[in-house]
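Remarks on the overall topology
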Amino acid sequence: MCPPVFLDTRTDAAALRGSAALPGTEALRGSRGLVGSSEAIVSDARVPAGETGFAARTTSAMGQWERLRGTLIALGHRVSLVAGRPGLPGMVFAARAATVVGGRVPAARPRSADRSAETPAYLEWFDRHGFGAGLEPVFAHEGESDLIPAGPRLPAAAGPLTEPAAHAEAQAFFGLGVLALELADPRFARLGSALTVLGEHTAAYCPGAFTPTAQRRLARVFPERIEVDEADALALGLDAVSDGRSVVLGDTTPPLAARLADRGFRTIEPDMSAFAAHGASVRSCVLELRAAR
């Protein structure tokens, strides 16, 4: 259906400073998605004749992904291809694949056995493309959907998809201070569904998704906070990407987009409705490849 996207911030951002672009990024796309790319549908005889609903859903998702890709290109991204793997539809969700800081890559370790083959597939790509250190982790987490770098800290989910020992594993690997954030509402299984890092000191978050202790920790680390109501968070408004100036988020939360605009952010709102049934929007389809600080 649609490929993953990587944003490469290892490149020099100075040339784009002052523009509307996401600084120094590279988008990277794969060839498979939730239900297979258009190529897979054409070549895969498992799609029964007459299942027009299946074809329509796939066409819709591909169209939305292409518009997202076009948005990223328009913002200054370079796009390249990552070959997907047959039988690994979850690879479309690049943010759930790894967390990358300074060229170091701890891949995700999904709790689901159906997704276990994604980790070596991604690590193989990183190795081929010159990343210095890769880690196949011991403890479960969902990549950048659960471990979200913010400057010198690593906000980390304490929730159903992340084992507590994954925090220490990531801290030792990156050398970043882990900020453990306990998720209090089962409707928010991933940290990325309840928190968007807008800048090193700025975040948008849904208070009700976190325990009181986690809310106090967020307040210490992010002195500038935008509280997002439950309706916008459940509509995947926080499944967004930001460079500190521009925010790309789905088009389902106009009130949130307006609040971000009031705070000085430029907002871009592509249609991501074909991904909503899978609990995903923009952020889930994007993995940032961060340079060393």
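The paragraphs below set out a description of the structure included in this document. (Residues numbered from 1 in each chain as written. Predicted model: local features only at pLDDT ≥ 70, side-chain atom pairs only at ≥ 80, totals over all residues. Heavy atoms only, no water.)

Taken as a whole and judged by the stated rule, the model has seven salt bridges. Salt-bridge contacts for Arg115 lead to Glu142; the nearest nitrogen and oxygen are separated by 3.0 Å. Pair noted here: Arg115 is in the loop between strand S5 (104-106) and helix H3 (118-128) and Glu142 is in the loop between strand S6 (133-135) and strand S7 (153-158), with a separation of 27 residues, a long-range link. Considered together, Arg115 and Glu142 belong to a single accessibility category, that of buried residues. Of the charged contacts, one joins Arg187 and Asp185 as a salt bridge, the two residues approaching to 2.7 Å between their closest N and O atoms. Take Asp185: its relative accessible area is 13%, and that puts it in the buried class. One salt-bridge network, in which partners are shared between bridges, spans Arg115, Glu118, Glu142 and Arg190. (Salt bridge = Lys/Arg side-chain N within 4 Å of Asp/Glu carboxyl O. Helix = DSSP H or I, 4+ residues; strand = E, 2+ residues; numbered from the N terminus. Buried < 20%, exposed > 50% of the residue type's maximum accessible area, 1.4 Å probe, protein only.)

Right, let's talk about the pairing of strand S10 (residues 202-205) for a bit. The side-chain alternation of S10 yields two buried faces, one formed by Thr202 and Ala204 and the other by Ala203 and Tyr205. Where S10 meets strand S11 (residues 224-227), four bridges bridge the pair, whose relative direction is parallel. The residue bridging Thr202 from the neighbouring strand is Glu224, located in S11. On the question of chirality, the crossover connecting S10 to the parallel S11 by way of helix H5 (residues 212-221) is right-handed. (Pairing = 2+ DSSP bridges. Right-handed = clockwise from strand over helix to strand, strands pointing away.)

Turning to the sheet that holds strand S9 (residues 195-199), a few remarks are in order. As summarised here, the arrangement of the three strands in space is S9-S10-S11, forming an open sheet in which the pairing is mixed. Only two strands of the sheet have a single neighbouring strand rather than two, namely S9 and S11. Put simply, the sheet's adjacent strands are angled 20 degrees from each other on average, direction ignored. (Axes fitted to C-alpha atoms, helices over the stretch in contact; angles between N-to-C directions.)

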